[in-house]
Amino acid sequence: MANANGIYLSVVSDDFGMCPPVNDGIVQAFTEGVLTDANLMAPCPAFPDATRLAKTHRIPVGIHATFTAEWDHLRWKPLTRLRSMIGADGTFCRTVVDAWKDADLAEAAAELDAQWDRIEAAGLEITHVSEHMGGNEKLGAILKKKILQKRVAYRHFLLNGAEHDLPRYDLKSVLATSQISSELNVVRAELERWLDSLGPGHHMWIAHCAVDHPSLSAMCEPTHPSVEWARTYRVIDQALVLDRDVRARIEARGIQLVSLAQCPTLGL
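Residues numbered from 1 in each chain as written. Predicted model: local features only at pLDDT ≥ 70, side-chain atom pairs only at ≥ 80, totals over all residues. Heavy atoms only, no water.

## Points about the overall build of the protein
- A count of helices and strands for the protein gives 10 helices and 9 strands.
- By the compact-globule yardstick of 18 Å for 268 residues, the protein fits well, its C-alpha radius of gyration being 18 Å.
- Projected onto its principal axes, the C-alpha coordinates of the protein cover approximately 55 × 45 × 35 Å.
- For the protein, with 268 residues in total, the buried portion stands at 54%.
- Taking as baseline every contact in the protein between residues at least 6 positions apart, the subset at least 24 positions apart corresponds to 75%.
- As displayed, the protein offers around 11200 Å² of accessible surface, 50% of which is attributable to carbon and sulfur atoms. (Helix = DSSP H or I, 4+ residues; strand = E, 2+ residues; numbered from the N terminus. Rg over C-alpha atoms; globule rule 2.2 N^0.38 Å. Buried < 20%, exposed > 50% of the residue type's maximum accessible area, 1.4 Å probe, protein only. Contact = heavy atoms within 4.5 Å. Areas by Shrake-Rupley, 256 points an atom, 1.4 Å probe, with all protein chains shown as cover.)

## Comments concerning helix α6 (residues 184-197)
- An ideal rise of 1.5 Å per residue puts 20 Å on 14 residues; α6 measures up with 20 Å between its terminal C-alpha atoms.
- Residues Val187, Arg188, Leu191, Trp194 and Leu195 constitute the buried set of α6. One side of α6 carries all its buried residues, which in axial view fall inside an arc of 130°. Pointing more than 90 degrees away from the buried face of α6 are the exposed residues Asn185, Arg193 and Ser197.
- On its buried face, α6 sits against β1 (7-16), β6 (173-176), β7 (201-207), α9 (232-242) and α10 (244-252). (Expected span 1.5 Å × (residues − 1). Arc of directions from axis to C-beta.)

## Focus on the packing of α6 against α10
- Direction vectors running N to C along α6 and α10 enclose 15°, while the axes themselves pass 10 Å from each other. Comparing the axis directions of α6 and α10 gives the class roughly parallel. Here α6 runs over α10; the crossing is right-handed. For the pair α6 and α10, the contacting residues are Leu191, Glu192, Leu195 and Asp196 in the first and Val246, Arg249 and Ile250 in the second. (Axes fitted to C-alpha atoms, helices over the stretch in contact; angles between N-to-C directions. Parallel < 35°, antiparallel > 145°, perpendicular 65-115°, else oblique. Left-handed = near helix turned anticlockwise from the far one by under 90°.)

## Digging into the side chain of Thr36
- Structurally, the position occupied by Thr36 is in the loop between α1 (20-32) and β2 (37-40).
- In this structure the side chain of Thr36 is engaged in a polar contact, spanning 3.5 Å, whose partner is the backbone oxygen of Val258.
- If we skip the residues at most four places from it in the chain, Thr36 touches Leu9, Ser10, Val11, Phe30, Pro60, Leu257, Val258 and Ser259. (Polar contact = N/O pair within 3.5 Å; in protein donor to acceptor, adjacent residues only side chain to side chain.)

## A short note on the state of the cysteines
- Here the structure, examined in full by the defined rule, presents 0 disulfides.
- Cys44 carries a free sulfur, and the closest cysteine sulfur to it, the one in Cys19, is 8.7 Å from it.
- Cys209 provides the cysteine sulfur closest to Cys263, a residue in no disulfide bond, and the two sulfurs are 18 Å apart. (Disulfide = S-S within 2.5 Å.)

Put into C-alpha cells, the structure is as follows:
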C-alpha cells in the first residue's frame, strides 16, 4: 500500500440500508466513483438489499449505530425490546437529545449488539464503527465496550473519539461535505481546497450518497428542520463522488484511495 508521497484517502458514505435511492447511490459511487467504504444501518427497511449489494460489489462496510429515526414518513424500529428510546408509535425518537435523555444503557447496549449481529449474520465483516446523527457520553461508553470486545476501530463522526477515549482510526483530517451548502459549486470549492491541503497520513471524506429520486423528498414534509438532508445534500455528495474532475485532482496530487481498514489505529 506504500504511496510515494504518503497521502491516503478514504471516502465513506453513511446510511447504507436507509432506503433504495441511498443503496443505489452508494453502489454507483463505489463502482463508478471514488467511494471506498459505506456504513450500514441495521434497523432500516432497505437493510436486506444493502447487504446483498455490499456482498455483490465487495463494498467494505462498517456499522452505523442507529438509535434515532429522523424522517416524517420513513420510520424504523429497534431490533430489540428497547423501550426507553422510542416514541409512542414504537419507532426510534427523531432527535439525539430525545433518544438519550431517558435511555436505559443496558437496553441500548443490547440493541447495539443486535445491530452488530444482524450485519455479521448477513455474512459481512464490520471494518469500522460510527453513529447515526451523533451521540453523547452514554453512547460513547456503549461504543467503547463494543469496540474493545470486537477489536474494530471507531471511524469518526460527531462524537470526539479522543474525548471519549475510543480506540479509533488515526486520521490526520476529516471533511464532511454534507451540510456545507445547498449549492454544488460552493461544496465543490471547499472539497477542492481540502484535497489540495492534504499532507502525509490518512484522511477521510464523509459523504451521504444517493441517486436523485423523488422518494427522497417524500421522506419528510417541506417544513422538516432537516429537509435539505433528505435530498439536497445527498445529491450534491453523489455528484462530487462521481465527478471526473474530483478524481483527476486526487490522482494529480498522488493521493491513494484506500479502505478505512487499511488505516492505522490508535488504542487497539
